[in-house]
Amino acid sequence: MAAELMHGGALQPIQAQFSAAPQPWIDLSTGVNPWPYPMATTDGDYTQLPEPGDLQQLREAAASAFAVAPQRLLAGPGSELLMRLLPAVVSAHHVGLARVGYGDYRAIWQQAGALITSAEDVLETAGRVDLMMLGNPNNPDGRQYTPDQLLNALHELQQRQGWLVVDEAYGELYPELSILAAAGQPGLIVFRSFGKFYGLPGLRLGWVMAPPDILQRYAAYLGVWPVHSAALNVATQAYHDRNWQQQTRHTLSAAGFRLTELLVAHNLEIIGATDLFCLVRADSADRLWHELAEAGIYVRHFAEHPGCLRFGLPAAETGWERLHNVLNRHRSSWVARP
């Protein structure tokens, strides 16, 4: 298997390694909506710096979509960067993380020199850490936490002036899970990503919602022009487009169900899922990853979980068919082995 990549995407090294694979490649490694918001990113005047009024319009559009007050929001060039700035804006010596979770959380706090406690259920760490960080739904296993569970953890952390950090990168899929109604409370920091649900990660737009003093610290790092003009234009319209949002949730729900059924039908053990990806366990995961890559299909693998693979959604019927065919060949050859 190729050397472990920090994230999904980065398709070019895989293409180079498997140069004989059929074209076009099907990239299922990122967990991003394969049917992006239908607006041309060339709209707008890129000969001028972004205007403050455009950023305010974006903030108001996002606030309306998130059902929060605009002053609770701060935009930045992707939620990943905002998360990487966390140790610079809050102090935490002991951090609680889920044993299965987004790899950047651990990398961020290891680099900051924090003591890390991992648990199968990260909520169990709330009584003994300075900061607890989790995804809701979690990536890569899709685990979900209710707002009440998170608020209980927040209350426990607040007793020691601790922090609850919730990454809602996939929050648009399940608005009922969001803790944004509590945005602004002491000790609560929430991140949102534009790219996952709207299918446009290249625009690099993310949000942080936090108490005012934390937003001020972030603003000092991000400067006067934190968002590209294309992201300002596209995202403002997308956040206002409730019909597209509602229809997309239905579309992704149906596609996620189809993906889960397909993987189960080929004897892969489902560990967890969202409507954008599915995590499976397979005794032959390494071999299956190779077979998929040789067929021009790139799925996510994990050095820390070598028996697991994460599948995103194919964008076209040809992708679904190619995935089915590879899985079918793999199952047949694996079952037939002595």
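Note: the structure precedes this text.
### Here we look at the overall build of the protein
- The secondary structure content of the protein amounts to 12 helices and 13 strands.
- Considered along the principal axes of its C-alpha atoms, the protein spans approximately 65 × 50 × 35 Å.
- Here the protein holds 338 residues, and 53% of them are scored as buried.
- On the protein, roughly 14900 Å² of surface is accessible, and the fraction owed to carbon and sulfur atoms is 52%.
- Considering the protein, the positive charge centre built from 23 side chains and the negative charge centre built from 32 side chains are found 4 Å apart.

### Examining the pattern of salt bridges
- Across all of its chains, the model carries 10 salt bridges by this definition.
- For the salt bridge of E168 with R192, the shortest nitrogen-to-oxygen distance reads 2.9 Å. Linking E168 in strand 6 (residues 163–168) with R192 in strand 7 (residues 188–193), this pair joins segments that are 24 residues apart in sequence.
- With a closest N to O distance of 3.3 Å, E172 and R192 form a salt bridge. Here E172 is found in the loop between strand 6 and strand 7, whereas its partner R192 is found in strand 7, with 20 residues between them in sequence. The pair E172 / R192 is uniform in exposure class, with both members buried.

### Focus: the packing of aromatic side chains
- All told, the structure shown has 13 aromatic pairs when counted by the stated rule.
- Ring centres of F66 and Y239 lie 5.5 Å apart, and the angle between their planes is 80°; this geometry places the pair in the edge-to-face category. Linking F66 in helix 2 (residues 52–66) with Y239 in helix 9 (residues 229–240), this pair joins segments that are 173 residues apart in sequence. There is no split in this pair, since F66 and Y239 are both buried.
- Consider the rings of Y170 and F277, whose centres lie 5.2 Å apart with planes at 70°: the pair is edge-to-face. With Y170 in the loop between strand 6 and strand 7 and F277 in strand 10 (residues 277–281), this residue pair connects regions lying 107 residues apart in the sequence. For the residue pair Y170 and F277, the accessibility class agrees, reading buried in each case.

### Observations regarding the pairing of strand 13 (residues 308–312)
- Most of strand 13 sits out of view: five of its five residues are buried.
- The two faces of strand 13 match: C308, R310 and G312 on one face and L309 and F311 on the other face are all buried.
- Where strand 10 and strand 13 come together, five bridges link them in antiparallel fashion. Bridge assignment links C278 to a residue of strand 13, and that residue is F311.
- Summarising the sheet, strand 12 (residues 300–301) and strand 13 pair through two bridges and their orientation is antiparallel.

### Observations regarding the layout of surface pockets
- Estimates place the volume of the second largest pocket at around 330 Å³.
- Lining the second largest pocket are 21 residues; nearest its centre among them are D27, L28, P34, L313 and A315.
- Mapped onto the lining of the second largest pocket, the elements with two or more residues apiece are strand 1 (26–27) and helix 12 (317–336).
- Broken down by class, the residue content of the lining of the second largest pocket amounts to 11 nonpolar, eight polar and two charged.

### Focus: the nonpolar core
- If you look at the biggest cluster of nonpolar residues, it comprises 87 residues, and the most contacted ones within it are M132, L164, F194, L205, W207, Y239 and F311.
- In terms of residues, this core owes the most to one element, helix 9, which gives seven residues.
- In this structure, V90, A114, V165 and L215 belong to the second largest nonpolar core, which totals 27 residues.

### Some details on helix 2
- Compared with an ideal rise of 1.5 Å per residue, which puts 15 residues at 21 Å, helix 2 spans 21 Å between its outermost C-alpha atoms and is within 8% of the ideal.
- Phi turns positive, to about 60°, at A67, one or two residues after helix 2.

What counts and how
- Residues numbered from 1 in each chain as written.
- Predicted model: local features only at pLDDT ≥ 70, side-chain atom pairs only at ≥ 80, totals over all residues.
- Heavy atoms only, no water.
- Helix = DSSP H or I, 4+ residues; strand = E, 2+ residues; numbered from the N terminus.
- Buried < 20%, exposed > 50% of the residue type's maximum accessible area, 1.4 Å probe, protein only.
- Areas by Shrake-Rupley, 256 points an atom, 1.4 Å probe, with all protein chains shown as cover.
- Lys, Arg positive; Asp, Glu negative; His and termini not counted.
- Charge placed at Lys NZ, Arg CZ, Asp CG, Glu CD.
- Salt bridge = Lys/Arg side-chain N within 4 Å of Asp/Glu carboxyl O.
- Phe/Tyr/Trp six-rings, centres within 6.5 Å; stacked < 30°, edge-to-face > 60°.
- Pairing = 2+ DSSP bridges.
- 1 Å grid on protein atoms, 1.4 Å probe; cavity = no way out; pocket = protein on both sides within 12 Å on 5 of 7 lines; lining within 4 Å.
- Points joined across faces, edges and corners; volume = space filled by probe spheres on them.
- Nonpolar A, V, L, I, M, F, W, Y, C, P; charged D, E, K, R; others polar.
- Core = buried A, V, L, I, M, F, W, Y, C linked by side-chain atoms within 4.5 Å.
- Expected span 1.5 Å × (residues − 1).

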